[in-house]
Every structure is written in C-alpha cells, then in structure tokens.
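Notes for the structure review
Each chain is listed here by its residues.
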Amino acid sequence: MDTMNDLTDYKITELESCGSTNDVIKRSISDNLKQFPLIVSSREQLKGRGRGNRGWFSPRGTGLYVSIGLLLESRETVQLLSLVSGLAVIKTLENLSHHNFRLKWPNDVLFQKKKIAGVLTENSFNGDKMVSVTGIGINLNMGQDDFPEGLREKATSLRIITGRSVNIKRVTPVLVDIFFKEIARLERGDTPGIVQSANRLSAYSSGDPVSVHLDEKKFFGIYRGINHDGGLILEKANGQRDTIYSGEIGF
Ligand code: BTN
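Structural notes, computed from the coordinates. The structure displayed is predicted, hence computed values, not measured ones.

Topic: the site of the ligand
The immediate surroundings of the ligand are formed by 19 residues, with S20, Q45, R49, R51 and K115 found nearest. In this structure, Q45 approaches the ligand through a side-chain N or O atom, which is 2.8 Å from a nitrogen atom. Summarising the interface, the protein chains cover 99% of the accessible area of the ligand, which totals 420 Å² for the free molecule. Elements with a contribution of two residues or more to the shell around the ligand: α1 (21–27), β3 (63–72), β6 (114–126) and β7 (129–139). When the residues that make up the shell around the ligand are grouped by side-chain class, the tally is five nonpolar, 10 polar and four charged.

As structure tokens, then:
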C-alpha cells in the first residue's frame, strides 16, 4: 500500500472543542491534500459520531478523541486499515496498562466484553486519490457513573480498569505513533501478520454463534474468523461460508 503521506513527520492539531474531529478533517480535505497526514484531536466533541449513525459520548477531558486523515493509493487495503486501527488501539492500551484487550471485528476494542474504544472510518474519493479518515475514541478517565444510563452496562474506561487516570495529551502521540507503525507493517506487505494478530486478539472464537447487523438487516451464523483481506467469515446453517466486509457483530 502506498499512503503518499510522510508518516515520520507529522503534527497533531489539538483543539479545545469541536463538533466531531472526523468532520474537521473532512471539511479541510479539498484544500489540504498536500498536508496529509492530517491529525486532529479535541478535548471534547459536541457532536461526536459513532458507527451506524450513533453518537459517541465525548465529554471534556475524560476521553481521547482523535482523527487521522490519510491519502491512499488503492481501495483494497481499506478493510485492513480498519483492522490496523483496532490493533493500534489495543497496543496503546496494553502499553498503558498490563491488561488484555480484545478486538471485536472490525475495530471495536473490548475489555471483558465491555467497550472501551471505537473507530469510525470514513473514506471518499478526491480525484484519483482515496482519502481515508480514521476517527478513534477511547474511554480513558471516565468513572462508571459518568456514562449515560444506556451505556453504563456496556462501556468501560481505562480508569475503571486500572484505578488510575492518565494524561490524555500524552496518550494521543503514543497512539498515533503506534498507528503509523502498524500502517508501515501494512506497507511492508505484512498482511498475514496483521490478520494473525487480529485473529489472536479476537473477542470471538471459531464456533461462536453470532449475529451480524448491516443497515436494517441481521444475519445469523457461526463465527469462523477473519480472512486474509480482513473480512469476517460467517458460516450459515447449511454449512456454506460467506465473507462479510461491512456491518458489525451484535452484542
Ligand atoms: C464506534 O464505535 O461507534 C465508533 C466511535 C468513533 C468515535 C471517534 S471519537 C473521534 C472521531 N470523531 C467522531 O465524531 N467519531 C470518532
């Protein structure tokens, strides 16, 4: 994969507040292609967005909200890029604590079945270039009661897990560094290694019954792992296997 971005020389634009860091990058795409990679973080988001048109709980000072805009040469690696971002979040969290985190395909990060981080990847074309915006949200310093009612049972934070708060400003560059190192792995062609890591860290094991939600549709099947290009292998009742490239596994 050629990202056409200098991944060794970058700066992080730190905002006090914004609607959504993904939207800040998307708004500047037309005039800023030369300045990629673009990285924007914010202390809070007033309209934080999650996957599937959901919101992302983004209070000031307790979560990490960052978006990374990259220029890509080809479409094929989008699915792998999605895995890479989840893996980068796991490596970052494992650097900060000595706990084990799990990947819920394609890129949610769980701790003991509760969600600690999510990724919203939005891709578009600009001329012949593909622009990929990866938005990462990590629950760092929230207490359990800080989460709104509907989330309290399903979400967790690093502070809840370790009992300690972290300095969010220091975590952001660590995450970006790890993310770029994982991308370098993709550029070296180590896709088998990436897929192997994703399978090793998966929240599901082969044989688990799962449901996959895609728009209004729901598929049921047996989880059979992540394939060589990052798709989810789902075995149907008749034994036939399908590979799914978008959607999410239901809780
Ligand atoms: C999900 O799991 O639903 C994805 C959540 C993604 C949240 C991040 S926070 C930074 C970036 N800006 C947004 O509005 N969303 C992403």
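That was the structure; now back to the text.
Concerning the packing of aromatic side chains
Evaluated as defined, the whole model comprises five aromatic pairs. Centre to centre, the rings of F101 and F111 are 5.5 Å apart; their planes meet at 50 degrees, and the pair counts as tilted. Taken together, the residues F101 in the loop between α3 (78–96) and β4 (102–104) and F111 in strand β5 (residues 108–111) connect sequence positions 10 residues apart. Relative accessible area serves as the criterion here: at 1%, F101 is assigned to the buried category. Classification of F111 by relative accessible area gives buried; the value is 12%. Residues Y204 and Y223 carry aromatic rings whose centres are separated by 5.6 Å and whose planes lie at 40 degrees to one another, so their mutual orientation is tilted. Of this pair, Y204 sits in the loop between α7 (191–200) and β8 (209–214) while Y223 sits in strand β9 (residues 217–226); the two residues are 19 residues apart in sequence, bridging distant segments of the chain. The class for Y223 is buried, based on a relative accessible area of 2%. Through successive ring pairs, a cluster of aromatic residues spans Y10, F179 and F180.

What about the sheet that holds β7?
Pairing in this open sheet of seven strands is mixed, and the strands run β1-β2-β3-β7-β6-β5-β4 from one edge to the other. Two strands close off the open sheet at either side, each with one partner strand: β1 (12–15) and β4. Pairs of neighbouring strands in the sheet enclose a mean axial angle of 20 degrees, with direction left out of account. Judged from the three bridges that link them, β5 and β6 form a sheet pairing that is antiparallel.

Focus: the packing of helix α6 (residues 168–187) against α7
Running from N to C, α6 and α7 point in directions that differ by 130 degrees, and their axes come no closer than 7 Å. Between α6 and α7, the angle falls in the class oblique. Contacts between α6 and α7 involve E182, R185 and L186 on the former and, on the latter, T191, G193, I194 and S197. Among the residues making up the contact of α6 with α7, the classes are represented as two nonpolar, three polar and two charged.

A word on the packing of α3 against α7
For the pair α3 and α7, the least separation of the axes is 10 Å and the interaxial angle reads 55 degrees. Relative to α7, the element α3 is oriented oblique. Classified by chirality, the crossing of α7 by α3 is left-handed. Facing L80, L83, V84 and L87 of α3, the residues of α7 in contact are T191, I194, V195, S197 and A198.

Let's talk about unusual backbone geometry
Residue P106 is reached from W105 by a cis peptide bond, and omega for that bond is 0 degrees. Within the element layout of this structure, P106 appears in the loop between β4 and β5. If you check the backbone angles, D215 has positive phi at about 50 degrees while not being a glycine. As for its position among the elements, D215 is in the loop between β8 and β9.

Structural notes on the pairing of β3
Regular strands have side chains that alternate between both faces of the sheet. The element β3 is extensively covered by neighbouring structure, given that 10 of its 10 residues are classed as buried. Burial along β3 is two-sided: G63, Y65, S67, G69 and L71 and L64, V66, I68, L70 and L72, pointing in opposite directions, are all buried. In this sheet, β7 lies alongside β3 in antiparallel orientation, the contact comprising 10 bridges. Residue S67 lies in a different strand from β7, and its bridge partner there is G135.

The rules behind the values
Residues numbered from 1 in each chain as written. Predicted model: local features only at pLDDT ≥ 70, side-chain atom pairs only at ≥ 80, totals over all residues. Heavy atoms only, no water. Near = heavy atom within 4 Å. Polar contact = N/O pair within 3.5 Å; in protein donor to acceptor, adjacent residues only side chain to side chain. Areas by Shrake-Rupley, 256 points an atom, 1.4 Å probe, with all protein chains shown as cover. Helix = DSSP H or I, 4+ residues; strand = E, 2+ residues; numbered from the N terminus. Nonpolar A, V, L, I, M, F, W, Y, C, P; charged D, E, K, R; others polar. Phe/Tyr/Trp six-rings, centres within 6.5 Å; stacked < 30°, edge-to-face > 60°. Buried < 20%, exposed > 50% of the residue type's maximum accessible area, 1.4 Å probe, protein only. Pairing = 2+ DSSP bridges. Axes fitted to C-alpha atoms, helices over the stretch in contact; angles between N-to-C directions. Parallel < 35°, antiparallel > 145°, perpendicular 65-115°, else oblique. Contact = heavy atoms within 4.5 Å. Left-handed = near helix turned anticlockwise from the far one by under 90°.

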